[in-house]
Protein chains: 2
Amino acid sequence: MKTLIVVSHPEIDDSQTQQFLYQGSKQKNVFWHHVEELVDIDVAKEQQLLTNADRIIFQFPLYWYSAPSGLKDWEDKVLTRNFIYGDKTYPLKDKEFGLVVTTGLPLKDFQKGAAENFSLDELMTPYRAIADKAKMQILPIFPVSQFWYKTELMQMDLLIDYQRYLTQKMPNSLNNRQAWFENKLQQLDLDADIDDKKMIELIINSFTSRIEELEQLNETLEMVKEDDES
Amino acid sequence: MKTLIVVSHPEIDDSQTQQFLYQGSKQKNVFWHHVEELVDIDVAKEQQLLTNADRIIFQFPLYWYSAPSGLKDWEDKVLTRNFIYGDKTYPLKDKEFGLVVTTGLPLKDFQKGAAENFSLDELMTPYRAIADKAKMQILPIFPVSQFWYKTELMQMDLLIDYQRYLTQKMPNSLNNRQAWFENKLQQLDLDADIDDKKMIELIINSFTSRIEELEQLNETLEMVKEDDES
């Protein structure tokens, strides 16, 4: 699976959040594509990038409840009517479409009655409308709020969640999470030198047995629920 | 009352709809301000334009369910945090904020279940959020859909509605509409040469007597309603 991250930030080198996410994006088959760095937008080339991807992510800081103008400029040029829906071939059909939205405000502010009074979902309506028009599958928004207030441990958690958002099979079910983590551990194994291999093997064994435990617990829980309902 | 129309269209000379609206905007105390024509955005000057206005309109064609990138660029530069809400003086407080949105699609497509599956209100959420943040009063959206499919008479109707959107006292009540039309007729009178004055006088008399008729009808209707309810 190939993932294209269309990143928009006018001062990306100064954004520690974006730099941190950039480090997280360094995975196989993940392409980081920063639109403000494009000297001239080659529409055919950009459309080819989109067509080649299986998952397309728009990633940006919230500037006036929307993406920075750089992304809108890119949209207005690259997403031609013909390409998205005009000629009825729908080249982006069934691809997954996600949004990584960074904000300096707490997430709890984005709801009716709170400081911002609108949810991120409501604010992102134009992007959902684009995805609908292109017949793409919309993923839940991945919000990154107040990154630099987070502890180092929370940041690492976020980074893993971000990596899963980029490459994990969706929906974000327990099984899909498990498969993603197993795959990651096996990749570690391949890259490691002989000294580390034994340790990784132990981790995988422990991880696998925990999954088996979890599966058994889930089965038991299902049975208890059925008993309760009958 | 002063009205500022912040217009965004990258090819405004080719847009017959915008040219038509431009003609309609030629009223006293209405300022047409086309952002793509600004060679360099002078932030202080733009903020002064906003501060001087009583009603601020954003006017644009719908490009990917939002304004063209030119307006977003203007927003990102002009609407600084300090200006809008940062220093708590709220210079745009209580000003009216409207949106004139032009689209080549029929208005009926903009609703759940229809071709576009989102309402214009939903799509315009980011602008409402900006208005909220600045403590402005939000006016209902003024949509201009499929302008060139309209008959000449419908276009003229639309132009009058547009002029009212720019300068009529809100809300758009019967009384406020009446006052606006009376004022317009009186202005005609001042500008006309003597030959036309008699005709205009007759129109005003007829108009005024119709308003009196309407008022009497409304009073009767109110009494009927009260009887029904009691």
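Being a predicted model, the structure only gives us computed values, none of them experimental.

*Asks:* What's the story with the overall build of chain A in this structure? I'm lost.
*Replies:* A count of helices and strands for chain A gives 9 helices and 6 strands. In terms of overall dimensions, chain A has C-alpha extents of about 55 × 50 × 45 Å along its principal axes. In chain A, which comprises 230 residues, the share counted as buried stands at 43%. Long-range pairs, those at least 24 residues apart, make up 73% of the contacts in chain A with a sequence separation of at least 6. Put simply, chain A shows about 12,900 Å² of open surface, and 51% of that area lies on carbon and sulfur atoms. One finds the centroid of the 25 positive side-chain charges in chain A at a distance of 6 Å from the centroid of its 39 negative side-chain charges.

*Asks:* I would appreciate a short explanation of the interface of chain A and chain B in the present structure.
*Replies:* Many descriptions give the size of an interface as the accessible area lost when the pieces come together. Contacts between the two partners involve 27 residues from chain A and, on the opposite side, 27 residues from chain B. Of all residues in chain A, Trp64, Lys72 and Phe118 of chain A give up the largest surface area on contact with chain B, accounting jointly for 30% of the area buried on that side. Summed over the shared surface of chain A and chain B, the result is 2 salt bridges. Note that lysine 133 of chain B is salt-bridged to glutamate 116 of chain A, the shortest N-O span being 2.5 Å. Our count for the chain A to chain B interface comes out at 10 residue pairs in polar contact (both at pLDDT 80 or more). For the side of chain A that touches chain B, the elements supplying multiple residues, two or more each, are α3 (69-78), α4 (81-86), α5 (120-123) and α6 (125-133) of chain A. With 7 residues, the single largest contributor to the side of chain A that touches chain B is α6 of chain A. For the side of chain A that touches chain B, the class distribution of residues is 13 nonpolar, 5 polar and 9 charged.

*Asks:* I tried to follow the relation of the copies chain A and chain B on my own but got confused; where do I start?
*Replies:* Copy one and copy two of the chain differ by a rotation about a common axis and a shift along it. For the pair chain A and chain B, the best superposition has an RMSD of 0.1 Å and corresponds to a rotation of 180° with a translation of 0.0 Å parallel to the axis. Both copies are brought into coincidence by an operation consistent with a two-fold rotation axis. Ranked by how close their C-alpha atoms come to the rotation axis, the residues of chain A are headed by serine 69 of chain A, at 2.7 Å.

*Asks:* Any chance you could explain the pairing of strand β1 (residues 3-7) of chain A here in plain terms?
*Replies:* Residues in a regular strand project their side chains so that they alternate between the two faces of the sheet. Residues and elements named next belong to chain A. Where burial is concerned, most of β1 is hidden: 5 out of the 5 residues are buried. Residues Thr3, Ile5 and Val7 point to one face of β1 and Leu4 and Val6 to the other, with burial holding for every one of them. Where β1 lies against strand β2 (residues 30-34), 5 bridges are found, and the strand directions are parallel. Paired with threonine 3 across the bridge in β2 is valine 30. Crossover β1 to β2 through helix α1 (residues 16-25) is right-handed. For β1 and strand β3 (residues 55-61), the ladder comprises 5 bridges, and the chain directions are parallel. Bridging from a neighbouring strand, valine 6 pairs with phenylalanine 58 of β3.

*Asks:* Explain the pattern of salt bridges here, please?
*Replies:* Two side chains with opposite charge may pair up if their charged atoms get near one another. Residue and element names in this part refer to chain A. In this structure the tally under the stated criterion is 16 salt bridges over all chains. Residue arginine 164 is joined to aspartate 161 by a salt bridge in which the shortest nitrogen-to-oxygen separation is 3.1 Å. In this pair, arginine 164 and aspartate 161 both sit in helix α7 (residues 152-167), 3 residues apart, roughly one turn of the helix. For arginine 164, a relative accessible area of 9% translates into the label buried.

*Asks:* Explain the packing of α1 of chain A against α7 of chain A here, please?
*Replies:* The description of two helices packed together rests on the angle between their axes and the distance between the axes. Residues and elements named next belong to chain A. Between α1 and α7, whose axes approach to 9 Å, the crossing angle comes to 55°. It follows from the interaxial angle that α1 and α7 lie oblique. Of the two elements, α1 crosses α7, and the hand of that crossing is right-handed. Between α1 and α7, the contacting residues are Phe20, Leu21, Gly24 and Ser25 on the first element and Gln155, Met156, Leu159, Tyr162, Gln163 and Leu166 on the second. In terms of residue class, the contact of α1 with α7 is built from 6 nonpolar, 4 polar and no charged.

*Asks:* When you look at a positive patch on the surface in this model, what are you seeing that I'm missing?
*Replies:* Taken together, the side chains of Arg81, Lys88, Lys93 and Lys135 of chain A make up a positively charged region of the molecular surface. In this structure, lysine 135 of chain A sits in the loop between α6 and β5 (137-138).

*Asks:* Explain a nonpolar patch on the surface to me, please; I cannot follow it from the model alone.
*Replies:* Residues and elements named next belong to chain A. A cluster of nonpolar side chains, contributed by Leu174, Leu214 and Leu217, occupies part of the molecular surface with about 250 Å² of accessible area. The topology assignment puts leucine 217 in helix α9 (residues 194-229). A relative accessible area of 55% places leucine 217 in the exposed class.

*Asks:* Which parts of the structure should I look at to understand unusual backbone geometry?
*Replies:* Glycine aside, the phi torsion of most residues is negative, and most peptide linkages are trans. Here the amide bond leading from methionine 170 of chain A into proline 171 of chain A is cis, since omega sits at 0°, within 30 degrees of zero. On the secondary structure map, proline 171 of chain A appears in the loop between α7 and α8 (174-191). Here the phi dihedral of lysine 88 of chain A falls at roughly 65°; this positive angle occurs in a residue that is not glycine. Relative to the elements of secondary structure, lysine 88 of chain A occurs in the loop between α4 and β4 (96-103). We note that asparagine 117 of chain B has phi near 65°; this positive angle belongs to a residue other than glycine. By secondary structure assignment, the location of asparagine 117 of chain B is in the loop between β4 (96-103) and α5 (120-123).

Conventions and cut-offs
Residues numbered from 1 in each chain as written. Chains lettered and ligands numbered in written order. Predicted model: local features only at pLDDT ≥ 70, side-chain atom pairs only at ≥ 80, totals over all residues. Heavy atoms only, no water. Helix = DSSP H or I, 4+ residues; strand = E, 2+ residues; numbered from the N terminus. Buried < 20%, exposed > 50% of the residue type's maximum accessible area, 1.4 Å probe, protein only. Contact = heavy atoms within 4.5 Å. Areas by Shrake-Rupley, 256 points an atom, 1.4 Å probe, with all protein chains shown as cover. Lys, Arg positive; Asp, Glu negative; His and termini not counted. Charge placed at Lys NZ, Arg CZ, Asp CG, Glu CD. Buried area = accessible area lost by both parts, 1.4 Å probe. Salt bridge = Lys/Arg side-chain N within 4 Å of Asp/Glu carboxyl O. Polar contact = N/O pair within 3.5 Å; in protein donor to acceptor, adjacent residues only side chain to side chain. Nonpolar A, V, L, I, M, F, W, Y, C, P; charged D, E, K, R; others polar. Least-squares fit on C-alpha atoms with pLDDT ≥ 70 in both. Pairing = 2+ DSSP bridges. Right-handed = clockwise from strand over helix to strand, strands pointing away. Axes fitted to C-alpha atoms, helices over the stretch in contact; angles between N-to-C directions. Parallel < 35°, antiparallel > 145°, perpendicular 65-115°, else oblique. Left-handed = near helix turned anticlockwise from the far one by under 90°. Patch = residues over 30% accessible without salt bridge, like charges linked within 9 Å, V, L, I, M, F, W, Y side chains within 5 Å.

The values are spatial; any link to function lies outside them.
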